[in-house]
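Structural features, examined
So you can see what is in the structure, the chains are spelled out below.
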Amino acid sequence: MVVLSMRTACILLVALLSTAGPATAQALSRADAVAQALAANPQVKLSLEQVALLEGRIVEARADALPDITWNTFAGRSRDPGLLNSPNFDAFPPEFRDALSPLPANALSTSADLRQTLFSFKLGKALEAARIARSAGEHDVQRARQMTALDAIRSYNQLLFAMEQLRVIQTNVQSKQSHLDYARNRRAAGAATELEVLRAEVDLENQRADALRAENEVSAARATLNTVMLRPTTTPILPTDTLAVIPFETQFEEAVTEALRVRPELQLLRLQGQVQDRLVDVAAADAKPRVDFNGWYGFAVRRPRNLFQPDYARWSASVNLAVPLFDGWRTAGRVAQARAQRNTTTQQIAALENQVRLDMQTAFDALALANRTIQAAALNVTQARRAAEMTEANYRLG
């Protein structure tokens, strides 16, 4: 009975495995891969969040130029011996001293406070810096989107290349299998030696090893593409596009000029340099005069029923001019730091421009090599096809 149960379980397991087919592969084009990568890639989302952060800094910088209004309310009860502790209290007449008796009292006050900067050398520069930083954030988003799109296209093309390579190797496996069958038939007929059969078997096993390696490369390329699109690495993919050679003609200097003009990372650094210029002025503004307005209006009463009565209103208004004279060279240190950061950005721009020129030279060399390789590969394909036809004919003719 136990053996019968185990056999039944095995039969059911085999049936389930045979009916469960592989997961349906998703038809995917290059445009779809790029769109999914841009929608899910965390680098793009991170850049968008940085733009939102810079928007908040613009609002913060603008707030320094707007009035600051607060409403304060105070309620308390206290007792103050005050005059009883005066050094001259004993000099008062006795009847006056006996009449004095401190009593606890209520105190209620409510007021609106207003603070407004009338003039400052810092406000305009800080707002300009925030706005330029926001533009830099937009260029960073563009950079992230370009890098993500490029990674998606490269991964997609690599998957196509790996699949095509696997197809070619599988064709070679079939060819080697045919050669082995011919060799065995000829061996059986006495027209071939055992060494020829053994050589055909070795060739077939080598091609099978290459096929296994190609299958692993297809799996790795599929995993890379799924990773770019932020999906499980084993998700099946059925590419709908093909590899095609697209002619590209341009002059080297024109390409370099265009790259230096539109590369997002260069534009980002240039905008950062403009931000640093404004930040130098912001740091230097701490050593310059500023004018502020301070005012408040409210009521102070002892009895709550008198609250908001005009006779108990109190207010104050003042204009304050602050002229820094000496701060221990704190501002000078901040200005020096801001200028050093600006100079660092300038050097980074120069280094990146040189790197762009080097990248363009490398890309042009790689493009020239690829064109020559494609031409040579076309000739190799023609030669290999002719050689395969002649070899097949030789095997058939014995």
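Scope of this entry: the structure provided in the associated data block. (Residues numbered from 1 in each chain as written. Predicted model: local features only at pLDDT ≥ 70, side-chain atom pairs only at ≥ 80, totals over all residues. Heavy atoms only, no water.)

Re the nonpolar core
Our working rule: Each nonpolar core is a collection of buried residues, namely Ala, Val, Leu, Ile, Met, Phe, Trp, Tyr and Cys, held together in the definition by side-chain atoms within 4.5 Å. Buried, partly exposed and exposed residues are distinguished by accessible area as a fraction of the type maximum, computed with a 1.4 Å probe on protein chains only: under 20%, between the cut-offs, and over 50%, respectively. In this description a helix means any DSSP run of H or I spanning at least four residues, a strand means any run of E spanning at least two, and both kinds are numbered starting from the N terminus. Residues are treated as being in contact if the distance between any of their heavy atoms lies within 4.5 Å.
Counting 29 residues, the largest nonpolar core has Leu 28, Ala 33, Tyr 156, Leu 159, Leu 225, Met 229 and Ile 237 as the members making the most contacts within it. Taken together, the elements giving at least two residues each to this core come down to α2 (30–40), α5 (121–188) and α6 (194–228). Counting residues per element, this core draws most heavily on α5, which supplies 12 residues. With residues up to four places along the chain from it excluded, the contact list for Tyr 156 reads Leu 28, Ser 29, Arg 30, Ala 33, Leu 225, Pro 239, Thr 240 and Asp 241.

Digging into the sheet that holds strand β6 (residues 313–322)
Worth spelling out the cut-off: Here, any two strands with at least 2 DSSP bridges between them count as paired. Helix axes are fitted to C-alpha atoms over the stretch in contact, other axes to C-alpha atoms as well, and angles between N-to-C directions run from 0 to 180 degrees.
Within the open sheet, the four strands sit side by side as β2-β3-β5-β6. Their pairing is antiparallel. Taken across any chain shown, the strands that pair with only one partner, and hence form the sheet edges, are β2 (68–78) and β6. When strand polarity is set aside, the average angle formed by the axes of neighbouring strands in this sheet is 15°. Inspection of the sheet shows strand β5 (residues 290–301) paired to β6 by 10 bridges, in the antiparallel sense. Its bridge partner being in β6, Gly 295 is matched across the sheet by Ala 317.

Some remarks on a nonpolar patch on the surface
How we decide: Surface patches are defined over residues having more than 30% relative accessible area and no salt bridge, joining like charges when they lie within 9 Å and nonpolar side chains (Val, Leu, Ile, Met, Phe, Trp, Tyr) when within 5 Å. Working definition of accessibility: Shrake-Rupley area with a 1.4 Å probe, residue cover restricted to the visible protein chains. Just to be clear on terms, a salt bridge is a Lys or Arg side-chain nitrogen sitting within 4 Å of an Asp or Glu carboxyl oxygen.
Side chains of Leu 321, Val 323, Leu 325, Phe 326 and Trp 329 sit close together on the surface and give an oily, nonpolar patch of about 690 Å² of accessible area. Look at Phe 326 and you get exposed, because its relative accessible area is 61%.

Concerning α2
The set of residues buried in α2 consists of Ala 33, Val 34, Ala 37, Leu 38 and Ala 40. Close packing links the buried residues of α2 with β1 (26–28), α3 (42–63), α5 and α6.

Considerations on unusual backbone geometry
Although it is not a glycine, Leu 230 adopts a positive phi angle of roughly 60°. Within the secondary structure, Leu 230 sits in the loop between α6 and β4 (237–239). Residue class for Leu 230 comes out exposed when judged on its relative accessible area of 52%. Of note, the phi angle at Phe 308 is positive, near 70°, even though the residue is not glycine. With respect to the helices and strands, the residue Phe 308 is situated in the loop between β5 and β6.

Quick notes on the packing of aromatic side chains
Rules: Within 6.5 Å between ring centres, the rings of Phe, Tyr and Trp (the latter by its six-membered ring) count as paired, and their orientation is classed by plane angle as stacked under 30 degrees, edge-to-face over 60, tilted in between. The criterion is that NZ of a Lys, or CZ of an Arg, lies within 6 Å of the ring centre and within 35 degrees of the ring normal, and then a charge sits over that ring.
All told, the structure shown has five aromatic pairs when counted by the stated rule. Ring centres of Phe 119 and Phe 121 lie 5.0 Å apart, and the angle between their planes is 80°; this geometry places the pair in the edge-to-face category. We classify Phe 119 as partly exposed; its relative accessible area is 41%. Arranged with centres 5.4 Å apart and planes meeting at 85°, the rings of Phe 252 and Phe 364 form a pair that is edge-to-face. Of this pair, Phe 252 sits in helix α7 (residues 252–262) while Phe 364 sits in helix α9 (residues 330–397), placing them 112 residues apart in sequence. These aromatic residues form a ring-pair network of at least three members: Tyr 297, Phe 299 and Phe 308. In this structure, Lys 288 is placed above the aromatic ring of Phe 121, and the distance from its NZ or CZ to the ring centre is 5.0 Å.

Focus on the pattern of salt bridges
What the rule picks out here adds up to 17 salt bridges. The closest approach of N and O atoms between Arg 342 and Asp 277, which form a salt bridge, is 2.8 Å. Of this pair, Arg 342 sits in helix α9 while Asp 277 sits in helix α8 (residues 264–284), placing them 65 residues apart in sequence. You can call Asp 277 partly exposed: its relative accessible area is 32%. If you follow the salt bridges from partner to partner, you end up with Glu 55, Arg 134 and Glu 138 in one network.

With respect to the packing of α2 against α5
The packing of two helices is summarised by the inter-axis angle and the distance between the axes. Just so we agree on the cut-off: Roughly parallel here means an angle under 35 degrees, roughly antiparallel means over 145, roughly perpendicular means 65 to 115, and every remaining angle is called oblique. It is the rotation of the near helix from the far one that decides the hand of a crossing: anticlockwise by less than a right angle makes it left-handed, clockwise makes it right-handed. Note on residue categories: nonpolar means Ala, Val, Leu, Ile, Met, Phe, Trp, Tyr, Cys or Pro, charged means Asp, Glu, Lys or Arg, and polar means any other residue, Gly included.
Where α2 meets α5, the closest approach of the two axes is 9 Å, and the angle between their N-to-C directions is 140°. Looking at the two axes, α2 sits oblique to α5. Crossing hand, α2 versus α5: right-handed. The segment α2 lies against α5, with Arg 30, Ala 33, Val 34, Ala 37 and Leu 38 engaging Arg 145, Thr 148, Ala 149, Ala 152, Ile 153, Tyr 156, Asn 157 and Leu 160. A per-class count over the contact of α2 with α5 returns nine nonpolar, two polar and two charged.

Things to note about the environment of Glu 205
Selection criterion: Pairing of N or O atoms within 3.5 Å defines a polar contact, subject to two protein rules: one partner must be a possible hydrogen donor and the other a possible acceptor, and residues neighboring in sequence count only if both atoms are side-chain atoms.
With respect to the secondary-structure elements, Glu 205 resides in helix α6. Residue Glu 205 is classed as partly exposed on the basis of its relative accessible area, which comes to 45%. A polar atom in the side chain of Glu 205 sits 3.0 Å from the side chain of Arg 208.

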